[in-house]
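These are the residues of each chain, in order.
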Amino acid sequence: MDVFFLGTGAGIPAKLRNVSSMALKLLEERGGIWLFDCGEATQHQILHTSIKPRRIEKIFITHLHGDHIYGLPGLLSSRSFQGGDTEVTLYGPKGLKEYVEVSLSVSGTYLKYPLKVVEIADGVIFEDPDFKVEARLLQHGIPSYGYRITEKDRPGTLLADKLTDAGVKPGPLYKRIKNGENIELEDGRILDARDFLGPAQKGRIITVLGDTRICDAAVELAADADLLIHEATFSQGEEKLAYDYFHSTTIQAAQVAQKANAQRLCLNHISSRYERSDWEKLVKESQTIFPNTDIAEDFKEIHIPLVRGDED
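Residues numbered from 1 in each chain as written. Predicted model: local features only at pLDDT ≥ 70, side-chain atom pairs only at ≥ 80, totals over all residues. Heavy atoms only, no water.

A. Structural context of the pairing of strand S3 (residues 32-38). Most of S3 is tucked away, with seven of its seven residues classed as buried. By the bridge criterion, six bridges tie strand S2 (residues 21-26) to S3 in an arrangement that is antiparallel. Along S3, the bridge assignment pairs Ala23 with Leu35. Pairing of S3 with strand S4 (residues 56-60) involves four bridges; the strand directions are parallel. Paired with Ile33 across the strands is Ile56, a residue of S4. (Buried < 20%, exposed > 50% of the residue type's maximum accessible area, 1.4 Å probe, protein only. Helix = DSSP H or I, 4+ residues; strand = E, 2+ residues; numbered from the N terminus. Pairing = 2+ DSSP bridges.)

Right, dumping it as structure tokens:
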């Protein structure tokens, strides 16, 4: 599970930071990629990476400001031209469906794959046997959502030596036990799968927030998260400006991480007023409240390990 930042700036493209987009790479878990926001030139950013648009199966839009959605019609169109034929599901606020349909219609774009648009409200918006995604409305000038991606707990490691001692040879029975299924042997013995599995592996949690003031919903979405990605458009001392423009500061992002008991914080959506030489200062501001803070940069990748504390 890896987070790859394609655009980390606020408002308009800048030389060092493109506008918002982030990929959650779930290649081992489900062979796919989930995209969060799709600002202008997202597909240009992708060209400089190993990401394949045909692997993108879900796109989560936090809100409908241009710096978060202007790249969406182009990406959807290019994915079709490049041979993508599997379904893509878009999630986002009310109005997303109309925006996409009008953009594709007036440009005469025909997609060669199924496109599903889900206009969301608070609650669970996606769930399967492996993952659950929850959305909550944040505090911004227009409806803006945060997403909590929860990987469900995995079965523990198969204790193969113990199975061998019980007289079970490697084969299909191993897979059944790995899946938590009790089995009956030819001699009538019934093996309880729990006796042949190590402790369950705790699923990982990632929280991705759209533009927002500091608010309770952000804390709830980030509770015990392995990684919290929180906007920090402004620096310490700019609290009034952040409030007036429905954004957050480095300190406020850190306060959310602290209250939520998150494991790690990454500052994102950085204003172009801050030069590269300022970025370390922004991190240090946040670290006064929440020491395990990092800052997003275009083309930066963060690995979220299965076991906490094993970060690369």
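That shown, we press on.
B. A look at the UniProt feature "active site" (unreviewed entry) in the protein. Look at the UniProt record and you will see "active site" (unreviewed entry) annotated at Asp67. Relative to the elements of secondary structure, Asp67 occurs in helix H3 (residues 66-69). What makes Asp67 buried here is its relative accessible area of 12%. Setting aside residues no more than four positions away along its own chain, Asp67 makes contact with Ala10, Gly11, Val19, Ser20, Gly39 and His269. Only 3.0 Å separates the side chain of Asp67 from the backbone nitrogen of Gly11, close enough to count as a polar contact. (UniProt positions renumbered as here; feature names shortened; annotations may be inferred. Contact = heavy atoms within 4.5 Å. Polar contact = N/O pair within 3.5 Å; in protein donor to acceptor, adjacent residues only side chain to side chain.)

C. Local environment of the domain arrangement of the protein. We note that the domain assignment places domain 1 (2-153 + 202-303) and domain 2 (160-195) within the protein. Distance from the C-alpha centre of domain 1 to the C-alpha centre of domain 2: 43 Å. (Domains from an automatic or database assignment.)

D. Structural context of the sheet that holds strand S7 (residues 123-127). Judged by pairing direction, the sheet is mixed, and its seven strands sit side by side in the order S7-S8-S9-S12-S13-S14-S15 without closing on themselves. Two strands close off the open sheet at either side, each with one partner strand: S7 and strand S15 (293-295). Strand-to-strand twist in this sheet, taken as the mean axis angle between neighbours without regard to direction, amounts to 20°. Pairing of strand S8 (residues 131-137) with strand S9 (residues 145-151) involves seven bridges; the strand directions are antiparallel. Note on S9: the bridge partner recorded for Phe131 is Glu151. (Axes fitted to C-alpha atoms, helices over the stretch in contact; angles between N-to-C directions.)

E. View of the pattern of salt bridges. Within this structure, the stated rule accounts for 20 salt bridges. Among the salt bridges present, the one from Glu151 reaches Arg154, with a minimum N-O distance of 3.0 Å. Residue classification places Arg154 among the partly exposed residues on the basis of a relative accessible area of 29%. Salt bridges sharing common partners tie together Glu29, Glu151, Arg154 and Arg204. (Salt bridge = Lys/Arg side-chain N within 4 Å of Asp/Glu carboxyl O.)

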